[in-house]
Number of protein chains: 2
Amino acid sequence: MSTKIKRFILPENEIPTAWYNIVADMKNKPLPMLNPTTKQPLKVEELYPLFAEELAGQELNQTDRYIEIPEEVRDMYKYYRSTPLVRAYGLEKALDTPAHIYFKNESVSPVGSHKLNSALAQAYYCKKEGTTNITTETGAGQWGAALSYAAKVFGLELAVYMVKISYEQKPYRRSIMQTFGAQVIASPSMSTHAGRKILTEHPNYQGSLGTAISEAVELAMQTPDCKYTLGSVLNHVFLHQTVIGLEAEKQMEMAGEYPDMVIACFGGGSNFSGLSFPFLRHKLTEGKNVRIIAAEPSSCPKLTRGIFEYDFGDEAGYTPLIPMFTLGHTFSPAHIHAGGLRYHGAGTIVSQLMKDNLMEAVDINQLDSFNAGILFAQTEGIIPAPESCHAIAATINEALKAKEEGTQKTILFNLSGHGLIDMTAYDAFLAGDLSNYELSNEEIAKTVNSLEKIMQ
Amino acid sequence: MSTKIKRFILPENEIPTAWYNIVADMKNKPLPMLNPTTKQPLKVEELYPLFAEELAGQELNQTDRYIEIPEEVRDMYKYYRSTPLVRAYGLEKALDTPAHIYFKNESVSPVGSHKLNSALAQAYYCKKEGTTNITTETGAGQWGAALSYAAKVFGLELAVYMVKISYEQKPYRRSIMQTFGAQVIASPSMSTHAGRKILTEHPNYQGSLGTAISEAVELAMQTPDCKYTLGSVLNHVFLHQTVIGLEAEKQMEMAGEYPDMVIACFGGGSNFSGLSFPFLRHKLTEGKNVRIIAAEPSSCPKLTRGIFEYDFGDEAGYTPLIPMFTLGHTFSPAHIHAGGLRYHGAGTIVSQLMKDNLMEAVDINQLDSFNAGILFAQTEGIIPAPESCHAIAATINEALKAKEEGTQKTILFNLSGHGLIDMTAYDAFLAGDLSNYELSNEEIAKTVNSLEKIMQ
């Protein structure tokens, strides 16, 4: 066994120097985002009040295949990149599967997840353009923790609206953000119009990413020298995350294999896009046969049960209209512990890829996700984030299918983060206190039907 | 700045294949452990009831400089080793110091600390010799978490006595051990004679490592096919941890520097020995000029204020008599959050090195340790374990001294673990709720005087 290599790490000079912009390679480009008042395609200048100009430019860039990573960001990447590609021999053995399972271990980033890849980029561009304050929202807190550190690195003040249920379920994440120097507010809060409105209508509302986005956007719009930042959904976020897959591509070469399947959990799409887009590139440009699988929670199934429609990115309706697979921006997801997956929509790029059958999606229920997470912990030693457990569960399903069929498949999945801050979730699971949350067809119909009036 | 390399990782074929046994190079060997009844030097067979035979052999080995790492253990090391050596440019900049600061990042091990290095070795030897069950104690829970995973890897059942104050302060660590499949008992407990005795005398006793060791030893002695394991203090534990320093030695070469100082926090001595012994080797065998500094908490100052004496390793007096710097085995340390440093003694090897002035020790108070930890988090992105904060504080002191003197010093310290499970401690610190615990000379005198009667 000792001749087998377990872990592949790139030398510092092999770390990617440019991000990959998949839109340049897509035959069917994503539909444009629309100005919600005029219903006309959004111009880049319309994004400037909210985002740093370079980020706005990246958001609408459909032509450049590669966009250079600024030196200052690459300098910071070098502290933790490349992250390791690991062959999961322990998990393979436990499953007694002929499949080869690899995972990209983003959990070793200083803040414990892949979110730092885009946080550093966004903080850098904001600082460069003279911004002094930034706002954001966070679900489970992985994005908030990453941005808190990135803001400190580049000398920005940061206010984070944290979804209330996560604020209560994951108090350590709040502490981490505060330790990095950020201000953390439970959302919905009384500090914004959007927060006050939903609290008035639903006094016990436990929050959602959609509401937290509304609050962060509102604060940014009303504060001078302040920009808004987002940890997922948007094209420029997916762009920054491609550093994951670009590395993995080289590391799979080191391992002498090419994946039959690339799997990642799916909330807004950031870790999914990051790992999969560079492999999708081979499919788009070379016709390579690789399955790309998004694993979403069955309690928030926009890809498997939502509809493709123009919708708002936030609950209050402040954002542009986004063409996407969605459950409706007023959808209130169940309180699963995978807080990062509790988002109603899928982002324009992923939605177009899904529409064009270039990728697929599966849904995983909460109990299956934790069963998978515990098996992974006991065989690979790393306690996965509840979000990442969904990718592991989908991987296990495919590995068992390979066993049944007696075929040797190579599976690559993204371990987007560790779950050390989520131990209350594991406690609850081990105590038998967690449930699945299956949505009836009626519930789905009701939530998506609310979308009809938006485009009228 | 981008030409500077931040992180040094060894290729898999450079990972050490043998541990370094410093005793072989010591001119003054450590005094022997004694049988507490006969007061005669302990024979190796007397350790067999408690420890795996190979571990007992390593414990008393004074001749072999290198001891081969079994293939099965090396195979597991490959999942996370080498750990990175990182140049702390961010911290250097914040301190505006001419010093070059490096840290060995053991926090990226799957379980979050260096403890896995010995846990895997101990579990492996126990399994190999037919043991089915093992016991141990844990303070902050780093050792318990590591052993829980190692026990699962090698198919052993594990019972962990966790110091009660940590069990309450760090419930997530308990959850982690349970997720890996271990049984966790708060100590003192009613399940052992030692536990019942101290609970009867002091009903509100919040536990100590000394008491937890008594309980774990007692359970191992009374259970067939069961061995006891320990995460620090003993020679064989220090031996296994030398993989840290052997790697760091090669990594400092990659960086083109040699440390003027090697610094680590000090509880029982495991992470300290692991990093420093391979550098001490250069001092012992080549007369190399390198300062070796142990950073202990001022509330548990055995090296700076204890006495060198034969003492028990545990509170109840079950262990052999160990020649060491100690505060007395009945010393009850204050409830600092650095639970892994709350131990009364220093281990025979380190105590002998201290006596021979081959190393030095400093004490750090709790508030200084957390101030250092927060500066490190904000500049390097990693929230350090409260234990590791002591090493960081000592490093900062030396870096500021270098600045004052205008000399360029190279400092290497051990980041023994991350503090993500210790966020309640950071919360309390940020809220101003933590204190220092300074011991008066009278308190010290009282506790060490209790030792006089042991050897009579």
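Fair warning: this is a prediction, and the values are worked out from it, not measured in the lab.

(A) Structural context of the overall build of chain A. The helix and strand inventory of chain A stands at 17 helices and 15 strands. The C-alpha atoms of chain A give a radius of gyration of 20 Å, which matches the 23 Å a tight globule of 456 residues would have. If you line up chain A on its principal axes, its C-alpha atoms span 60 × 50 × 45 Å. Counting every position in chain A, which comprises 456 residues, the buried fraction comes to 67%.

(B) Geometry of the relation of the copies chain B and chain A. For these two chains of identical sequence, chain B goes onto chain A by a turn of 180° and a shift of 0.0 Å along the axis, with RMSD 0.0 Å. Within this description, the copies of the chain are treated as partners about a two-fold rotation axis. Rotation axis and chain B: the residue whose C-alpha lies nearest the axis is Val108(B), separated from it by 3.1 Å. Take the interface residues of chain B: 100% of them recur as interface residues in chain A, which is what a same-surface contact looks like.

(C) The arrangement of the sheet that holds strand β4 (residues 85-87) of chain B in detail. Residue and element names in this part refer to chain B. Across the sheet, which stays open at both edges, the seven strands sit in the order β1-β4-β5-β15-β10-β11-β14 with mixed pairing between neighbours. Edge strands, defined here as strands with exactly one partner in the open sheet, are β1 (7-8) and β14 (360-364). In this structure, strand β5 (residues 100-105) lies alongside strand β15 (residues 410-415), joined through six bridges in parallel fashion. Along β15, the bridge assignment pairs Lys104 with Asn414. Across the sheet, helix α10 (residues 235-255) touches β1, β4, β5 and β15, and the angle it forms with β5 is around 140°. Helix α15 (residues 386-405) rests against β5, β10 (261-265), β11 (291-297), β14 and β15 of the sheet, and its axis sits at about 150° to β10.

(D) Broad picture of the interface of chain B and chain A. The interface is formed by 49 residues belonging to chain B together with 49 residues belonging to chain A. On the chain B side of the contact with chain A, Tyr79(B), Tyr172(B) and Thr179(B) bury the most area, a combined 18% of that side's loss. Put simply, chain B and chain A have four salt bridges between them. One salt bridge in this structure joins Asp75(B) and Lys6(A), with 3.4 Å as the shortest N-O distance. Put simply, chain B and chain A have 16 residue pairs in polar contact (both at pLDDT 80 or more) between them. Sorting the residues of the side of chain B that touches chain A by element identifies α2 (71-77), β4, α3 (89-95), α5 (142-154), α7 (171-179), α14 (366-380) and α16 (423-430) of chain B as the ones contributing at least two each. Residue contributions to the side of chain B that touches chain A peak at seven residues, all from α7(B).

Reading the values: the criteria
Residues numbered from 1 in each chain as written. Chains lettered and ligands numbered in written order. Predicted model: local features only at pLDDT ≥ 70, side-chain atom pairs only at ≥ 80, totals over all residues. Heavy atoms only, no water. Helix = DSSP H or I, 4+ residues; strand = E, 2+ residues; numbered from the N terminus. Rg over C-alpha atoms; globule rule 2.2 N^0.38 Å. Buried < 20%, exposed > 50% of the residue type's maximum accessible area, 1.4 Å probe, protein only. Least-squares fit on C-alpha atoms with pLDDT ≥ 70 in both. Contact = heavy atoms within 4.5 Å. Pairing = 2+ DSSP bridges. Axes fitted to C-alpha atoms, helices over the stretch in contact; angles between N-to-C directions. Buried area = accessible area lost by both parts, 1.4 Å probe. Salt bridge = Lys/Arg side-chain N within 4 Å of Asp/Glu carboxyl O. Polar contact = N/O pair within 3.5 Å; in protein donor to acceptor, adjacent residues only side chain to side chain.

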